[in-house]
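Here is how the chains run, residue by residue.
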Amino acid sequence: MVNKSEKTLVLIKPDAVQRTLIGEIIQRFERIGLKLAAMKMTVASGDHIEKHYTLDPEWRRKVGEKTIKNYKEKGQNPPSEDPIEISQPVLEGLVKFMSAGPLIAMVWEGAHAVKIVRKLVGGTEPLASDVGTIRGDYVLDSYEMSDTDGRAIRNLVHASGSSEEAEMEINHWFSQNEIISYRLVQDEILYDVNLDGILD
Ligand code: ADP
Ligand code: MG
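Residues numbered from 1 in each chain as written. Chains lettered and ligands numbered in written order. Predicted model: local features only at pLDDT ≥ 70, side-chain atom pairs only at ≥ 80, totals over all residues. Heavy atoms only, no water.

Caption draft 1: Quick peek at the packing of helix α3 (residues 46-54) against helix α5 (residues 83-98). In contact at an axis separation of 9 Å, α3 and α5 are set at 130 degrees when each is read in the N-to-C sense. Here α3 lies oblique to α5, going by the angle between them. Crossing angle aside, the handedness with which α3 passes α5 is right-handed. Touching Gly-46, Ile-49, Glu-50, Tyr-53 and Thr-54 of α3 are Leu-91, Leu-94, Val-95 and Met-98, all from α5. The class makeup of the residues in the contact of α3 with α5 is six nonpolar, two polar and one charged. (Axes fitted to C-alpha atoms, helices over the stretch in contact; angles between N-to-C directions. Helix = DSSP H or I, 4+ residues; strand = E, 2+ residues; numbered from the N terminus. Parallel < 35°, antiparallel > 145°, perpendicular 65-115°, else oblique. Left-handed = near helix turned anticlockwise from the far one by under 90°. Contact = heavy atoms within 4.5 Å. Nonpolar A, V, L, I, M, F, W, Y, C, P; charged D, E, K, R; others polar.)

Caption draft 2: Focus on the packing of helix α4 (residues 59-73) against α5. At their nearest, the axes of α4 and α5 sit 8 Å apart, and the two run at 100 degrees to each other. Relative to α5, α4 is oriented roughly perpendicular. Contact residues: α4 offers Trp-59, Arg-60, Arg-61, Val-63, Gly-64, Glu-65, Thr-67 and Ile-68, while α5 offers Pro-83, Ile-84, Ile-86, Ser-87, Gln-88, Val-90, Leu-91 and Leu-94. Across the contact of α4 with α5, the residue classes tally to nine nonpolar, four polar and three charged.

Caption draft 3: Focus on the side chain of Glu-165. Of note, Glu-165 is situated in helix α9 (residues 163-173). The contact partners of Glu-165, leaving out residues within four places of it in the chain, are Asp-56 and Ser-160.

Caption draft 4: Local environment of α5. Compared with the 22 Å implied by 1.5 Å per residue over 16 residues, the 22 Å span of α5 between its first and last C-alpha is a close match. Burial in α5 covers these residues: Pro-83, Ile-86, Ser-87, Val-90, Leu-91, Gly-93, Leu-94, Val-95, Phe-97 and Met-98. Of the residues flanking the start of α5, the one acting as N-cap is Asp-82, its side-chain oxygen 3.1 Å from the backbone nitrogen of Ile-84. (Expected span 1.5 Å × (residues − 1). Buried < 20%, exposed > 50% of the residue type's maximum accessible area, 1.4 Å probe, protein only. Polar contact = N/O pair within 3.5 Å; in protein donor to acceptor, adjacent residues only side chain to side chain.)

Caption draft 5: Structural view of the sheet that holds strand β4 (residues 157-159). Taken together, the four strands give an open sheet; going across it, the order is β2-β3-β1-β4, and neighbouring strands pair in antiparallel fashion. Each having just a single partner strand, β2 (35-42) and β4 make up the two edges of the open sheet. Strand after strand, the sheet turns through a mean of 15 degrees between neighbouring axes, direction not considered. Examined bridge by bridge, strand β1 (residues 7-12) and strand β3 (residues 103-109) share six bridges and lie antiparallel to one another. From the neighbouring strand, Lys-7 faces β3, where its bridge partner is Glu-109. Along the sheet face, helix α2 (residues 22-32) touches β1, β2, β3 and β4 and points at about 10 degrees away from the line of β3. On the sheet, α9 packs against β1, β2, β3 and β4 and is oriented at approximately 55 degrees with respect to β1. (Pairing = 2+ DSSP bridges.)

Caption draft 6: Focus on α4. In a regular helix each residue adds 1.5 Å, so 15 residues correspond to 21 Å; α4 covers 21 Å between its end C-alpha atoms and thus fits that length. Regarding α4, the residues found buried are Trp-59, Val-63, Gly-64, Thr-67, Ile-68, Asn-70 and Tyr-71. Looking straight down α4, one finds its buried side chains confined to an arc of 160 degrees; they lie on one side. When the buried face of α4 is taken as reference, the exposed residues oriented beyond 90 degrees from it are Lys-69 and Glu-73. Along its buried surface, α4 packs onto α3, α5 and α8 (143-148). Positive phi appears at Gly-75, one or two residues downstream of α4, with a value of about 75 degrees. (Arc of directions from axis to C-beta.)

Caption draft 7: Focus on the site of ligand 1. Around ligand 1 sit 18 residues in total, of which Arg-118, Thr-124, Asp-147, Ile-153 and Asn-155 are the nearest. The separation between an oxygen atom of ligand 1 and a polar side-chain atom of Lys-66 is 3.0 Å. Between an oxygen atom of ligand 1 and a side-chain N or O atom of Arg-135, the distance comes to 3.0 Å. Relative to its unbound accessible surface of 530 Å², ligand 1 loses 96% to contact with the protein. Tallied by class, the residues present in the shell around ligand 1 amount to eight nonpolar, four polar and six charged. (Near = heavy atom within 4 Å. Areas by Shrake-Rupley, 256 points an atom, 1.4 Å probe, with all protein chains shown as cover.)

Below you can see the structure in the form of structure tokens.
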């Protein structure tokens, strides 16, 4: 059965706050029918960011492998063939980038929330992410440019990659009493089977 209250963590990264894109980004999640369950603006510590990215013990390997694959698909040489070696400067860059200014942390809720949000956000590298996605529409960074400059890719948004990741990340950013469970009038048109009571 589909969990209609599936939750996912979204961060509006400091670059998006500086680009004054907070409203645009929130609007994308609202208009698809997801429900905002929690939200805060904060300046994160470097330690908090490092923990966020290493909640998944496999993250270092995955991010390195993804980077190598991406370079090879473009016919370019990756900065290293060792995924873990690649992940170290990426993590350091992320710590610096994500704690450089205020960010917005949010929990979005609804059927297939994790996948729907990833679809709206688009692929990691803005150069390659689809037109119509947040990363595809509002920014132009690339692996090549960020790796050459020794910094994290500026791609505006973080979104949990799976339900397990979402659960860990939500607990990392929010306490239970900050997550609000409530009803929206539109829930009925999204999820109710009968649609009784619209007509007089
Ligand atoms: P996503 O945010 O799409 O889930 P990852 O979890 O693989 O992507 O990586 C986390 C973040 O690290 C990315 O959003 C991006 O900001 C940054 N990043 C990933 N790979 C690189 C890289 N090779 N060089 C610079 N920054 C990177
Ligand atoms: Mg990720």
